[in-house]
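Listed below, chain by chain, are the residues.
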Amino acid sequence: MDEDMLADQRRLVELVEAEGWDVTDLELSAYDSPWADEDDPEATVTITARKPYESDDEGTGDDDESPFRVK
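Let me sum up the structure you'll find in this document. Owing to the predicted nature of the structure, the values given are computational and were not obtained by experimental measurement.

Calculation rules
- Residues numbered from 1 in each chain as written.
- Predicted model: local features only at pLDDT ≥ 70, side-chain atom pairs only at ≥ 80, totals over all residues.
- Heavy atoms only, no water.
- Helix = DSSP H or I, 4+ residues; strand = E, 2+ residues; numbered from the N terminus.
- Buried < 20%, exposed > 50% of the residue type's maximum accessible area, 1.4 Å probe, protein only.
- Contact = heavy atoms within 4.5 Å.
- Areas by Shrake-Rupley, 256 points an atom, 1.4 Å probe, with all protein chains shown as cover.
- Salt bridge = Lys/Arg side-chain N within 4 Å of Asp/Glu carboxyl O.
- Expected span 1.5 Å × (residues − 1).
- Arc of directions from axis to C-beta.
- Polar contact = N/O pair within 3.5 Å; in protein donor to acceptor, adjacent residues only side chain to side chain.

**Notes on the overall build of the protein chain**
Looking only at helices and strands, the protein chain features 1 helix and 2 strands. Overall, the protein chain shows an N-to-C arrangement of helices and strands of α-β-β. Of all 71 residues assigned to the protein chain, the portion counted as buried reaches 7%. In the protein chain, the share of contacts with a sequence separation of at least 24, taken over all contacts with a separation of at least 6, comes to 42%. Just so you have it, the protein chain exposes about 6,400 Å², and 46% of that area is on carbon and sulfur atoms.

**Focus: the pattern of salt bridges**
With the rule as written, the count across this model stands at 2 salt bridges. Note that D22 is salt-bridged to R50, the shortest N-O span being 3.6 Å. Highlighted residues: D22 in strand β1 (residues 22-32) and R50 in strand β2 (residues 41-50), separated in sequence by 28 residues. Since its relative accessible area comes to 40%, D22 is described here as partly exposed.

**A word on the environment of T24**
Relative to the assigned elements, T24 resides in strand β1. Put simply, T24 and A49 are 25 residues apart on the chain and 5.2 Å apart in space, counted from C-alpha to C-alpha. Each residue touching T24, except ones within four places of it in the same chain, is listed here: T48, A49 and R50.

**Considering the side chain of Q9**
When you line up the elements, Q9 lands in helix α1 (residues 3-18). In contact with Q9, not counting residues within four places along its chain, are L26 and L28.

**A short note on α1**
An ideal rise of 1.5 Å per residue puts 22 Å on 16 residues; α1 measures up with 22 Å between its terminal C-alpha atoms. Three or more residues of α1 are buried, namely M5, Q9 and V13. Within α1, the buried residues cover an arc of 75° as seen down the axis, which keeps them to one side. Exposed side chains of α1 directed beyond 90 degrees from the buried face belong to E3, D4, D8 and A18. The N-capping residue of α1, defined by a side-chain oxygen 2.9 Å from the backbone nitrogen of D4, is D2. Trailing α1 by a residue or two, G20 shows a phi angle of about 95°, which is positive.

Laid out in structure tokens, this is it:
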């Protein structure tokens with residue numbers, strides 16, 4: 001795999017993590033584009049990340065009437 005692709009992948013992860021996200025999965029796919037006449041490879045990066053947000057609720061949430069919440 002091209003070192004430039006890996007460097008770009010690391011930079012994208014750094015940017016996501018700098019915004020407070022925790023990267024939980026990463027996939028880098030390198031391929032030759034079927035639509036371009038060039039011989040240069042292309043890459044797709046898929047980043048899965050999570051970021052917890054503080055709840056606006058002051059209580060325990062017991063008064064939540066959502067039918068989708070598991071109690």
